[in-house]
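Inside the fold
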Amino acid sequence: MLLPAVPAWARGSVLQQAPAAADPIAKMRADIGGTPIERVKLTDSLTMLSGPGGNVVILNGPDGKIVVDSFVQPAWPGLKQALDSLGNGRITTLIDTHWHFDHSDNNENFRKAGASVLAHANTKKRLSETHELLGMRFPPVPDGALPTETFTNTHSLTANGEQLTLGYIQPAHTDTDVYIRFSKGNVLHLGDVFFNGTYPFIDGGTGGSIDGMIRGAEACLKLADSSTKIVPGHGPLGDKAALTEFRDMLVTVRDRVQKLKTSGRKLEEVVAENPTKEFDPTWGKGFMPPAMFIGVVYNTLR
Ligand SMILES: [Zn+2]
């Protein structure tokens, strides 16, 4: 399994520095945007790119290119170069897995390149609003960066011999999450409903919760078989076993934190009890340090 280099933002440094920076979003963009792009061939027509933002999947062929997620703005020249290197077919469609900027930040550049931008209706709504996230204030995106086409339940596309199914995932990481299934290649992109190998960020401000993440993982496991290539929002390419392990970790942590919260423990007390202890050496080295993950779990539980 190819392990991409851990980008600066995934080491937690940005989280500590962001509040002090003059323009924390610009700083985070620059930090993430400097990560090199790595390429993994999934099938003859499907390619995964990782690095400067959430993982990208490209479907390429005579009907043009369909792209899932778009990295952050500073990565646009590198992403365009990677797309061009696959052939001179035009970019027809960009799909946003959800509203977060490390996935949707190049919507406007894709639209300028002639692509339509397809997303869940809630992604368009969330991109049109102001949000506080990780100590940063995200203003509404320009009109030119909004999705041009939305759906609410499922949406199908056919191109390059592939059948794509897009489906809404009930609020999990956010209330805008969709999966993208490529039937012929047996590839599934789950956006940030799946972090492969690190604790996930869960955006309680736009509908995310630990219970929703668990339900989302359960629902997505039903879409996979033992040979399905599962693309996470962050982390290396996964499979059904990796997604199962992620789900099991979430369930164990949720149950422990729920028990402590129900018994009246404050967040600091729960953190002190170390409910993620045996998971920390493997899952706690990414974007979400253990204490922050416990906080997200605690705060999205009743
Ligand atoms: Zn996200």
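In what follows, the structure referred to is the one given above.
A few points on the structure.

1. Considering the overall build of the chain
- If you tally the helices and strands in the chain, you get 11 helices and 14 strands.
- Whereas a compact globule of 302 residues would reach a radius of gyration of roughly 19 Å, the chain reaches 18 Å, a difference of no more than 12%.
- If you line up the chain on its principal axes, its C-alpha atoms span 60 × 45 × 35 Å.
- Total accessible area on the chain stands at roughly 12500 Å², and carbon and sulfur atoms take up 51% of it.

2. Examining helix α7 (residues 210–221)
- Counted at 1.5 Å a residue, the expected span for α7 with its 12 residues is 16 Å, and the 17 Å between its end C-alpha atoms agrees.
- For α7, the complete set of buried residues consists of Ile210, Gly212, Met213, Ile214, Gly216, Ala217, Cys220 and Leu221.
- Tucked inside the fold, the buried residues of α7 contact β13 (187–189), α8 (240–262) and α11 (290–299).

3. With respect to the packing of aromatic side chains
- For the coordinates displayed, the defined rule picks out 7 aromatic pairs.
- Ring plane angle 35 degrees and centroid distance 6.1 Å describe the contact between Phe246 and Trp283, whose orientation is recorded as tilted. With Phe246 in helix α8 and Trp283 in helix α10 (residues 280–283), the pair connects residues that are 37 residues apart, well separated along the chain. The residues Phe246 and Trp283 share a single accessibility class, namely buried.
- Members of the aromatic cluster, each reached through a chain of ring pairs, are Trp99, Phe101 and Phe138.
- Positioned above the aromatic ring of Tyr298 is the side chain of Lys261, whose terminal nitrogen or guanidinium carbon lies 4.4 Å from the ring centre.

4. A short note on the coordination of the zinc ion
- Those donors, His98 (NE2), His100 (ND1), His173 (NE2) and Asp192 (OD), are the protein atoms that reach the zinc ion, and they lie 2.1 to 2.2 Å from it.
- What the 4 donor atoms of the zinc ion show is an angle range of 89 to 167 degrees at the metal, which sorts the shape as irregular.
- Positions of the donor residues of the zinc ion along the chain correspond to the pattern H-x1-H-x72-H-x18-D. Here His98, found in the loop between β5 (91–95) and α4 (101–104), pairs with His173, found in the loop between β11 (162–168) and β12 (178–182); they are 75 residues apart in sequence, far enough to count as distant.
- Overall, the relative accessible area of 0% leaves His173 in the buried class.

5. Some points on the sheet that holds β12
- Reading across the sheet, the 5 strands line up as β10-β11-β12-β13-β14 and stay open at both edges, with mixed pairing between neighbours. Either end of the sheet is taken by a strand with one partner, and the two such strands are β10 (154–159) and β14 (229–231). Neighbouring strand axes in the sheet, compared pairwise and without regard to direction, differ in orientation by 15 degrees on average.
- Pairing between β13 and β14: 3 bridges, direction parallel. When the bridges of β14 are listed, His189 appears paired with Val231.

6. Topic: the environment of Ile214
- Its location among the elements puts Ile214 in helix α7.
- Along the chain, Ile214 and Asp105 lie 109 residues apart, while their C-alpha atoms are 27 Å from each other.
- Sequence-distant contacts of Ile214, that is, excluding residues within four places in its chain, are made with Arg247, Leu250, Val251 and Arg254.

7. Describing helix α2 (residues 24–33)
- If you check which residues of α2 are buried, you get Pro24, Ile25, Met28, Ile32 and Gly33. Across the axial projection of α2, the buried residues extend over an arc of 160 degrees, all falling on one side.

8. Brief notes about the sheet that holds strand β9 (residues 149–151)
- One open sheet holds the 7 strands; their spatial order is β1-β2-β3-β4-β5-β6-β9, and the pairing between them is mixed. With one partner strand each, in any of the chains shown, β1 (38–41) and β9 form the two edges of the open sheet. Averaged over all neighbouring strand pairs, the angle between strand axes comes to 20 degrees, with direction disregarded.
- Of the pairings in the sheet, the one linking strand β2 (residues 46–51) to strand β3 (residues 53–59) comprises 5 bridges and is antiparallel in character. By the bridge assignment for β3, Gly51 is matched with Gly53.
- The strands touched by helix α3 (residues 76–85) within the sheet are β1, β2, β3, β4 (65–68) and β5, with β4 carrying the most contacts at an inclination of about 140 degrees.

Thresholds, definitions, all that
Residues numbered from 1 in each chain as written. Predicted model: local features only at pLDDT ≥ 70, side-chain atom pairs only at ≥ 80, totals over all residues. Heavy atoms only, no water. Helix = DSSP H or I, 4+ residues; strand = E, 2+ residues; numbered from the N terminus. Rg over C-alpha atoms; globule rule 2.2 N^0.38 Å. Areas by Shrake-Rupley, 256 points an atom, 1.4 Å probe, with all protein chains shown as cover. Expected span 1.5 Å × (residues − 1). Buried < 20%, exposed > 50% of the residue type's maximum accessible area, 1.4 Å probe, protein only. Contact = heavy atoms within 4.5 Å. Phe/Tyr/Trp six-rings, centres within 6.5 Å; stacked < 30°, edge-to-face > 60°. Lys NZ or Arg CZ within 6 Å of the ring centre and 35° of its normal. Donors = N, O, S within 2.8 Å, 3.2 Å for Na, K, Ca; no water. Tetrahedral: all angles 85-135°; square planar, octahedral: opposite > 155°, others 65-115°. Pairing = 2+ DSSP bridges. Axes fitted to C-alpha atoms, helices over the stretch in contact; angles between N-to-C directions. Arc of directions from axis to C-beta.

Such coordinate-based values are descriptive only and should not be taken to indicate function.
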